[in-house]
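One letter stands for each residue in the lines below.
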Amino acid sequence: MAPVAIKRLLLILGMAVSLAGPVLAVLIGPYAGTSSSAWPLTWVIWPIVGWMILSKRPGNRVGIACFVIGVAQGITFGLSAFVLEMPPTVASWVELGYTILGIVPWFTIIWLLIVFPSGFPTGTIGKWLNRLLFVVATWASIGFLFSPAPLADTGLANPMARPDLTMVTSIADESGFLLVIALTVAAIASIFGRWRRSTGVERQQFRWLLFGGAVFISVLLVGQFVPDDWNGGIFWLLGNMAIPAAIGVAITRYRLYEIDRLISRTVAYVLVIGLLVGVYAGLVALLQVFVPSDNPIVVAASTLAVAALFNPMRRRVQVWVDRRFNRSRYDAERVMESFASTLRDRVEVGDVVDGWVGVVSETMQPTAVGVWIRDRA
């Protein structure tokens, strides 16, 4: 079988495992019927992004890492769905295996933060973080392998437990979690440093990753204020998908989207929704002074007022946001509008050319500008 066919077969098998594992965990596994049922599904985006990157950039290390994350989690979730049905002796070994395998996605995500977008660590700090990550990942794997703590899903004893290796197995408790958090913070800090030093394509890719991270953090912050019994599975699903989705767009198709425009639109609509909610609540409270609260006129009048205010408020808020978050586009539009308004007063060809050259120079800042005028003769 040709190498290309083998790679394609491996991708198909990996995708099948990546998708089947979370689905089994939700339908018949430990997450079935629980409030955390959306958690396994949040990992489905990783293999999809990996497939998308590898289809357009064969051999890309970022795409391979995304695909490995999906496969590792797919196997972990898939085995966890059946572990309770297995004989105790087999179940203990199976759970130990997928517990260690479940470490792989987390350290791979940190590795992605260190090597994004090229797939290789850059700079002294990046190379040292990469080496430290390898050491910690190896330590964590050995620590979980010999940990004396009972296995989490079945409660069975670890068949490889070594209580005498306290120094090695200590990473399997809270101290290991804190170490992983520290590595993650260091990796994020390195992203900011590389973003500030980057230019061109790489800078746009960093901005997509930072945008995805901002969405993810926003979801976490909002989640701290929602009720515990709130069924926000789709909300968490979309939030946790933000980072892998941003990675996929940054590596493959970022040129199709204007990140500055996307950010400004997002901010504008969030502000508009917040303002309209405030207006609606204020109108309801005001009208209840004159009309009974159960009167449908209160809701109808408030809804009509909010609907009438939406477009005017959206336009004004968008202009305000563009001035602060999308300044280059706002300045370019302002210059173009100014030039267009003066065209009716320009009758000489030289004046029109000078004005056009000025617009191009101010908005696009080229190194040279030339104008070709067809000779009518």
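Note: the structure precedes this text.
Given the structure is predicted, the values throughout are model-derived calculations rather than measurements. (Residues numbered from 1 in each chain as written. Predicted model: local features only at pLDDT ≥ 70, side-chain atom pairs only at ≥ 80, totals over all residues. Heavy atoms only, no water.)

## Considerations on the overall build of the protein
Item 1. On a plain count of helices and strands, the protein comes out with 16 helices and 0 strands.
Item 2. Of all 377 residues assigned to the protein, the portion counted as buried reaches 33%.
Item 3. Here the analysis covers contacts within the protein between residues at least 6 apart in sequence; of these, 66% occur between residues at least 24 apart.
Item 4. Entry remark: accessible area of the protein is about 22,500 Å², with carbon and sulfur atoms responsible for 67%. (Helix = DSSP H or I, 4+ residues; strand = E, 2+ residues; numbered from the N terminus. Buried < 20%, exposed > 50% of the residue type's maximum accessible area, 1.4 Å probe, protein only. Contact = heavy atoms within 4.5 Å. Areas by Shrake-Rupley, 256 points an atom, 1.4 Å probe, with all protein chains shown as cover.)

## Side note on the pattern of salt bridges
Side-chain pairs of opposite charge can arise where the charged atoms are in close proximity.
Item 1. In total, this model carries 1 salt bridge according to the counting rule given.
Item 2. Of the charged contacts, one joins Asp164 and Arg162 as a salt bridge, the two residues approaching to 2.9 Å between their closest N and O atoms.
Item 3. Judged by its relative accessible area of 36%, Arg162 is partly exposed. (Salt bridge = Lys/Arg side-chain N within 4 Å of Asp/Glu carboxyl O.)

## What to know about helix H9 (residues 174-197)
The periodicity of an α-helix, 3.6 residues per turn, causes residues three or four positions apart to be oriented the same way.
Item 1. Taking 1.5 Å of rise per residue, the 24 residues of H9 would be expected to cover 34 Å, and the 35 Å separating its terminal C-alpha atoms lies within 8% of that figure.
Item 2. For H9, every residue scored as buried is listed here: Gly176, Leu183, Ala187, Ser190, Ile191 and Arg194. (Expected span 1.5 Å × (residues − 1).)

## A closer look at the environment of Met167
Item 1. With respect to the helices, strands and loops of the structure, Met167 is situated in helix H8 (residues 166-169).
Item 2. Spatially, the C-alpha atom of Met167 lies 8.7 Å from that of Gly143, the residues being 24 residues apart in sequence.

## Things to note about helix H6 (residues 103-115)
Item 1. In this model H6 runs 19 Å from its N-terminal to its C-terminal C-alpha over 13 residues, within 8% of the 18 Å that 1.5 Å per residue would give.
Item 2. Burial runs high along H6: 11 of the 13 residues are buried.
Item 3. Within H6, the full set of buried residues consists of Ile103, Pro105, Phe107, Thr108, Ile109, Ile110, Trp111, Leu112, Leu113, Ile114 and Val115.

## Description of unusual backbone geometry
Item 1. Cis geometry marks the peptide bond from Phe116 to Pro117, where omega comes out at 0 degrees.
Item 2. Note that Pro117 resides in the loop between H6 and helix H7 (123-145).

## A short note on the side chain of Asn158
Item 1. Note that Asn158 resides in the loop between H7 and H8.
Item 2. Side-chain polar atoms of Asn158 contact the backbone oxygen of Ser147, separated by 2.8 Å.
Item 3. Polar side-chain contacts of Asn158 include one of 3.0 Å to the backbone nitrogen of Met160.
Item 4. Here Asn158 is in contact with Leu96, Phe144, Leu145, Phe146, Ser147, Ala149 and Leu151, once residues within four sequence places are set aside. (Polar contact = N/O pair within 3.5 Å; in protein donor to acceptor, adjacent residues only side chain to side chain.)

## With respect to the side chain of Gln73
Item 1. Locating Gln73 in the fold gives a position in helix H4 (residues 61-80).
Item 2. Each residue touching Gln73, except ones within four places of it in the same chain, is listed here: Trp43 and Pro105.

## Let's talk about the packing of aromatic side chains
Item 1. Tallied over the entire structure, the rule returns 6 aromatic pairs.
Item 2. When the ring of Trp39 is compared with that of Trp106, the centres are 6.2 Å apart and the planes differ by 15 degrees; the resulting orientation is stacked. Within this pair, whereas Trp39 is found in helix H2 (residues 38-41), its partner Trp106 is found in helix H6, the two being separated by 67 residues in sequence.
Item 3. Since its relative accessible area comes to 30%, Trp39 is described here as partly exposed.
Item 4. Aromatic pair Trp43 and Trp106: ring centres 5.2 Å apart, planes at 80 degrees, arrangement edge-to-face. Here the residue Trp43 occupies a position in the loop between H2 and helix H3 (45-56), and Trp106 occupies one in helix H6, the gap between them amounting to 63 residues.
Item 5. Through pairs of rings, three or more aromatic residues link up here, namely Trp39, Trp43 and Trp106.
Item 6. Directly above the aromatic system of Phe120 lies the positively charged group of Arg61, at a separation of 4.1 Å from the ring centroid.
Item 7. A cation over a ring is seen here: Arg131 above Trp128, with NZ or CZ 5.1 Å from the ring centre. (Phe/Tyr/Trp six-rings, centres within 6.5 Å; stacked < 30°, edge-to-face > 60°. Lys NZ or Arg CZ within 6 Å of the ring centre and 35° of its normal.)

## Description of the packing of helix H1 (residues 3-27) against H4
Item 1. Packing of H1 against H4 brings their axes to within 7 Å, and their N-to-C directions diverge by 45 degrees. When the interaxial angle is binned, H1 and H4 end up oblique. Between H1 and H4 the crossing geometry is left-handed. Contact residues: Leu10, Leu11, Gly14, Met15, Val17, Ser18, Gly21, Pro22 and Ala25 in H1; Phe67, Gly70, Val71, Gly74, Ile75, Phe77 and Gly78 in H4.
Item 2. For the contact of H1 with H4, a count of residues per class yields 10 nonpolar, 6 polar and no charged. (Axes fitted to C-alpha atoms, helices over the stretch in contact; angles between N-to-C directions. Parallel < 35°, antiparallel > 145°, perpendicular 65-115°, else oblique. Left-handed = near helix turned anticlockwise from the far one by under 90°. Nonpolar A, V, L, I, M, F, W, Y, C, P; charged D, E, K, R; others polar.)

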